Amino acid sequence: MPPFSRLVRFLAKDGRTYYGDAILPQGVSDLGKTKQARVIKGDVFGKHDVTEQIADVRLLLAPLASEDVRTVRCLGLNYEQHAKESSMPLPKYPVLFYKPITSLGGPFDNVPIPTMAQEVDGLDYECELVAVIGKEAREVPESKALDYVMGYAVGDDVSHREWQLKRGGGQWALGKGFDGWAPYGPGIVSSALIKDPQALRISTKVNGKTVQDSSTKDMIFGVAKTISFLSQGTTLLPGDLIFTGTPQGVGMGREPQLWLKDGDVVEVSLEGIGTCVNKIEHIKSRPKL
């Protein structure tokens, strides 16, 4: 596995984009606070070096460049309490769907809401642990599955429930796959530092108010079980991202329901990794040609 500890991708003050190993002050674990990083040379999924070159961070970007991402896999109904608030039976197998690579966004990017998603209420948030596959995995036993994880990030599986469940005819990806609807980061913390992904606090704030607050131990299918299951007959590749589901407290499950509006600020946090802060931005319709 790669020798970095906390991988970030960033626009530096010199105007260039780098991969780097974040330098954090003593006692700080939130990668969103990164101001400097040691520049990484080489392939972050293969042979690379964490150099002594230190660059000043202007802006943290999505942790992986789009050309370094293979697929974006997502799990639905993977927290016991979330399944209950959704009035759905606990799944016997992981519920899998995909998001397009274009849905990925940076940890501080605005989330663009296209006009077709503005027509009716239903815009929702979902804080999620994101596992990043670091090496090819196929037919992996659960006992060895975490050996294939490069590291972990936190993400927001932005969802529009009307398009996900009604207008989309049950095609979950249709209500979850718009451009920029999967911001993640603020970086990737090495699996060497996070030994147990099932013991992390995970939470969401909307406009400063906590709306989700749980632990990854509530997952129905933990990270190891998920990777093992997904690798049966299907090869997982370096750069595959797995959004592992969300805990209870989503807007759809609240009473009254809480739908995101233009200008709302969503913060998703994961212990040991940090916080993504994303503003909801309604996009004006383009003029017809």
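What counts, and where the lines are drawn
- Residues numbered from 1 in each chain as written.
- Predicted model: local features only at pLDDT ≥ 70, side-chain atom pairs only at ≥ 80, totals over all residues.
- Heavy atoms only, no water.
- Buried < 20%, exposed > 50% of the residue type's maximum accessible area, 1.4 Å probe, protein only.
- Helix = DSSP H or I, 4+ residues; strand = E, 2+ residues; numbered from the N terminus.
- Contact = heavy atoms within 4.5 Å.
- Phe/Tyr/Trp six-rings, centres within 6.5 Å; stacked < 30°, edge-to-face > 60°.
- Lys NZ or Arg CZ within 6 Å of the ring centre and 35° of its normal.
- Pairing = 2+ DSSP bridges.
- Axes fitted to C-alpha atoms, helices over the stretch in contact; angles between N-to-C directions.

Asks: Could you give an account of helix H3 (residues 223-230), with specific residues and numbers?
Replies: Counting buried positions along H3 yields 6 of 8 residues, so the element is predominantly enclosed. The complete set of buried residues in H3 reads Val223, Ala224, Thr226, Ile227, Ser228 and Leu230. The inward-facing, buried residues of H3 abut strand S5 (72-76), strand S6 (95-99), strand S10 (127-133), strand S11 (149-156) and strand S16 (241-243).

Asks: Which residues make up the packing of aromatic side chains, and what values do they have?
Replies: One pass over the structure, following the stated rule, counts 3 aromatic pairs. A cation over a ring is seen here: Lys135 above Tyr148, with NZ or CZ 5.0 Å from the ring centre. Looking at Arg167, its charged tip hangs above the ring of Trp163, at a distance of 5.3 Å from the centre.

Asks: Outline the environment of Phe10, listing residues and values.
Replies: As for its position among the elements, Phe10 is in strand S1 (residues 6-12). Judged by relative accessible area, which is 0%, Phe10 ranks as buried. Expressed as a C-alpha distance, the spacing of Phe10 and Tyr98, which sit 88 residues apart in the sequence, is 26 Å. Discounting chain neighbours no more than four positions away, the residues touching Phe10 are Arg16, Thr17, Tyr18, Tyr19, Gly20, Ala37, Ala55, Asp56, Val57, Leu59, Leu60 and Leu61.

Asks: Describe the sheet that holds strand S17 (residues 265-270), and please don't skip the residues or the numbers.
Replies: Taking strand neighbours across the sheet as the criterion, the 5 strands line up as S8-S18-S17-S14-S15 in an open arrangement whose pairing is mixed. Both outer strands of the open sheet, strand S8 (111-113) and strand S15 (209-215), are each paired with one neighbouring strand and no more. Geometrically, the sheet is characterised by an average inter-axis angle of 15° between neighbouring strands, direction not taken into account. Across 3 bridges, the pairing between S8 and strand S18 (residues 274-282) is parallel. Looking across to S18, one finds that Ile113 is bridged to His282.

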